[in-house]
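Structural overview for review
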Amino acid sequence: MRCGQVLKVAAMGSTLRSASVNQGLIRAASGLGAKYELEIVAIDLNLPLFNADLEKEVPASVLEMHKILDEADAVLFAVAEYNYSISSVLKNAIDWASRTYLEGRKSHPLFSKPAALMGAGGGMGTSRAQYHLRQVCVFLDMHLLNKPELFVQRWTGAGERFDELGNLTDETTLAKLDTMLDAFAQWIRLLKAGTEARDKARCSVECEKTVN
Ligand SMILES: Cc1cc2nc3c(=O)[nH]c(=O)nc-3n(C[C@H](O)[C@H](O)[C@H](O)COP(=O)(O)O)c2cc1C
């Protein structure tokens, strides 16, 4: 469904590997997203390790990430599974993102954002890591798309689903990703409409108070 309004989606991968299959998922999502008027932009997660001492002068790379997240309508996570959980690279980025640095902002830039999860890894397709991330997102007050879930097994009996550069080549997985993005676009629009209706209602209550 096309609505004539392009939605900005900030995508967070999980590892810094040049042939990362999770970055490959983001690239594939970026290609498919245009159909649903989603503009998907990958965030650079090559950030210093979080250290509260660095907050005296927040690193430029962190501020850049905050700006992208602040301007985004939603967040798409591509979750790698490391030792049955999320990677340190992703957790580090989330820890930085969970702080409030931008002028005029009262909350961190992930607050109240719609989000969706996908991930590629070993036999369980990153399901364990994705469920850990869901828990993290509760604290961040994000609104996650429940289903469809996307757990991609990187290695299959028939061969890899990604090429040597980490690009997604498997048609079945591409179709699943497409279905997930369709649902995600609808989810983002639903929440956006709800927020706008709430703000409008609040505004008319305030106006009435002023008039009376
Ligand atoms: C330290 C380490 C721990 C890992 N632990 C898991 C794991 O618990 N479950 C799993 O499915 N894969 C695990 N893997 C495999 C990664 O999920 C796999 O290498 C994946 O492709 C990494 O994501 P990337 O391609 O986006 O860099 C692990 C890999 C490393 C290096």
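Not measured: the values here are computed from a predicted model. (Residues numbered from 1 in each chain as written. Predicted model: local features only at pLDDT ≥ 70, side-chain atom pairs only at ≥ 80, totals over all residues. Heavy atoms only, no water.)

This paragraph deals with the site of the ligand. Neighbouring the ligand are 13 residues; Thr-15, Arg-17, Ser-20, Gly-122 and Arg-154 lie closest to it. Arg-17 places a side-chain nitrogen or oxygen 2.8 Å from an oxygen atom of the ligand. Arg-154 is positioned such that a nitrogen or oxygen atom in its side chain is 2.7 Å from an oxygen atom of the ligand. Considered on its own, the ligand offers 620 Å² of accessible surface; in the complex 74% of this is hidden by protein. (Near = heavy atom within 4 Å. Polar contact = N/O pair within 3.5 Å; in protein donor to acceptor, adjacent residues only side chain to side chain. Areas by Shrake-Rupley, 256 points an atom, 1.4 Å probe, with all protein chains shown as cover.)

Before going further, it helps to spend a moment on unusual backbone geometry. Residue Pro-148 is bonded to the preceding Lys-147 through a cis peptide linkage, with omega at 5 degrees. Relative to the elements of secondary structure, Pro-148 occurs in the loop between strand S7 (143–144) and strand S8 (151–153). Positive phi, close to 65 degrees, is recorded for Tyr-84, a residue that is not glycine. By relative accessible area, which is 54% here, Tyr-84 ends up exposed. The phi dihedral of Thr-126 is positive, around 70 degrees, even though this residue is not glycine. Positionally, Thr-126 belongs in the loop between strand S6 (114–121) and helix H4 (127–139). (Helix = DSSP H or I, 4+ residues; strand = E, 2+ residues; numbered from the N terminus. Buried < 20%, exposed > 50% of the residue type's maximum accessible area, 1.4 Å probe, protein only.)

Let us look at the environment of Ser-107. With respect to the helices, strands and loops of the structure, Ser-107 is situated in the loop between helix H3 (88–97) and S6. For Ser-107, a relative accessible area of 31% gives the class partly exposed. For the pair Ser-107 and Gly-194, spaced 87 residues apart in the sequence, the C-alpha separation amounts to 19 Å.

In this section: the layout of surface pockets. Any empty space left between atoms is shown by rolling a water-sized probe over those atoms. Taken as a whole, the largest pocket holds about 400 Å³ of empty space. Around the largest pocket, the lining is made up of 14 residues, and of these Phe-111, Ser-112, Lys-113, Pro-114 and Thr-195 lie nearest the centre. When residues of the lining of the largest pocket are assigned to their parent elements, the largest contribution, seven residues, is made by helix H5 (residues 171–211). Of the residues contributing to the lining of the largest pocket, the split by class is five nonpolar, three polar and six charged. What the second largest pocket holds in volume is close to 190 Å³. Taken together, 13 residues make up the lining of the second largest pocket; nearest its centre are Ala-80, Tyr-82, Ala-120, Gly-121 and Arg-154. Its residues assigned to classes, the lining of the second largest pocket comprises five nonpolar, five polar and three charged. (1 Å grid on protein atoms, 1.4 Å probe; cavity = no way out; pocket = protein on both sides within 12 Å on 5 of 7 lines; lining within 4 Å. Points joined across faces, edges and corners; volume = space filled by probe spheres on them. Nonpolar A, V, L, I, M, F, W, Y, C, P; charged D, E, K, R; others polar.)

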